[in-house]
Amino acid sequence: MSNNEARVVLKARRVSFSWEGTPLHWVPEDPFTSHTINVLHLLLPAGERWFVHVYKQVLPEIRDERLREDVIGFIGQEATHSQAHDEVLPHLRELGLDPTPYTAQVGWLFEKLLGDRTLPPGKARRWWLLERVALIAAIEHYTAFLGDWVLNAEELDRRGADPTMLDLLRWHGAEEVEHRSVAYELFMHLDGGYRRRVRTWATAFSALVFLWQRGTRFFLEHDPTLVTGRATFRDFHRRGREGVLPSTGALARSVPRYLSRSYHPSQEGCTAQAVAYLAASPAATAAEKEAA
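Residues numbered from 1 in each chain as written. Predicted model: local features only at pLDDT ≥ 70, side-chain atom pairs only at ≥ 80, totals over all residues. Heavy atoms only, no water.

When their charged atoms lie close together, side chains carrying opposite charge are able to pair. Evaluation of the coordinates by the stated rule reveals 18 salt bridges. One salt bridge connects Glu288 with Lys11, and the closest N-O pair in it is separated by 2.9 Å. Here Glu288 is found in helix α13 (residues 282-291), whereas its partner Lys11 is found in the segment before α1 (31-58), with 277 residues between them in sequence. Exposure remark for Lys11: the relative accessible area of 39% places this residue in the partly exposed category. A salt bridge links Arg159 to Glu155; its shortest N-O distance comes to 2.9 Å. For Arg159, a relative accessible area of 30% corresponds to the partly exposed category. Because the salt bridges share partners, they merge into one network encompassing Glu154, Glu155, Arg158, Arg159, Arg238 and Glu242. (Salt bridge = Lys/Arg side-chain N within 4 Å of Asp/Glu carboxyl O. Helix = DSSP H or I, 4+ residues; strand = E, 2+ residues; numbered from the N terminus. Buried < 20%, exposed > 50% of the residue type's maximum accessible area, 1.4 Å probe, protein only.)

Turning our eyes to something else, we now look at helix α8 (residues 182-190). Within α8, the full set of buried residues consists of Val182, Ala183, Tyr184, Leu186, Phe187 and Leu190. Looking at the buried side of α8, the elements it contacts are α1, α2 (65-86), α5 (123-151), α9 (194-222) and α11 (248-259). At the exit of α8 stands Gly192, carrying a positive phi of roughly 80 degrees. (Contact = heavy atoms within 4.5 Å.)

Here we take up α13. Three or more residues of α13 are buried, namely Ala283, Ala284 and Ala287. The arc that holds every buried residue of α13, seen down its axis, measures 95 degrees, which confines them to one face. The outward face of α13, more than 90 degrees from its buried face, is lined by the exposed residues Pro282 and Lys289. (Arc of directions from axis to C-beta.)

The next point concerns the packing of aromatic side chains. Per the stated rule, a full pass over the model turns up twelve aromatic pairs. With a centroid separation of 5.5 Å and 45 degrees between ring planes, the pair formed by Trp50 and Phe110 is classed as tilted. Residue Trp50 is located in helix α1, and its partner Phe110 is located in helix α4 (residues 100-113); the two are separated by 60 residues in the primary sequence. Both residues of the pair, Trp50 and Phe110, count as buried. (Phe/Tyr/Trp six-rings, centres within 6.5 Å; stacked < 30°, edge-to-face > 60°.)

Before going further, it helps to spend a moment on the environment of Asp191. Mapped onto the fold, Asp191 is located in the loop between α8 and α9. Through-space distance from the C-alpha of Asp191 to that of Glu131 is 9.6 Å; in sequence the pair is 60 residues apart. The residues contacting Asp191, other than those within four sequence positions of it, are Leu130 and Arg196.

Below, the structure written as structure tokens:
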């Protein structure tokens, strides 16, 4: 965390959302944008359960008590994120779009390909654990990037995007900004090797791009309201210029920032903005009242 930002104690907010009134195309008359962002509901439940699983293995190795507290708070937030996005999937099925074929593939990726391996105790097992810790740090660079983007994506409001979906995305995005330094600081605490950081970034970025475009195409092709569902890079680029998706330029500029030797996640986003949104979020404030 940067010196000019006060430390925030991380806590899970037990939010809940009601999806009855949310349409399939929750950005009006824009199925491409709606489904591009809907991919989050397919990727995040399995991905964030994987984060939690890996970090629980790492906890005994953390020698810094403050970092340990942050990692425990991170685990609580990520588990809540996973559940919140998981709860969108039954609503999508009710609207005629069954995501099961895609979520099964994502589950296989995290549980089998990136899951625990039968390795002998010692160097090999620790190498695989550190590889996954580094992968999570790279992925968290992009979850913080997306969180910062959605907190500032005023064009979605102007276009009448569904307020419940926006609150889910911004509550989640604000917590990603709030805990954006934890995964990187954990990686630096346990290893911090620059070559591992670059290698795992390349793997994480390539996987995210592949899974995201595949997920968007899956949604568009299986959307029962569309005659022909297409997903092209040109569509993504245009929506980025319009402000309803992240711009390709901003994504490109995020790469050298992470690969810089002087990188620290506190340079991304604004903690004060994230905390301010969490204080105003309908779902988060309802959770606070219920807890009180």
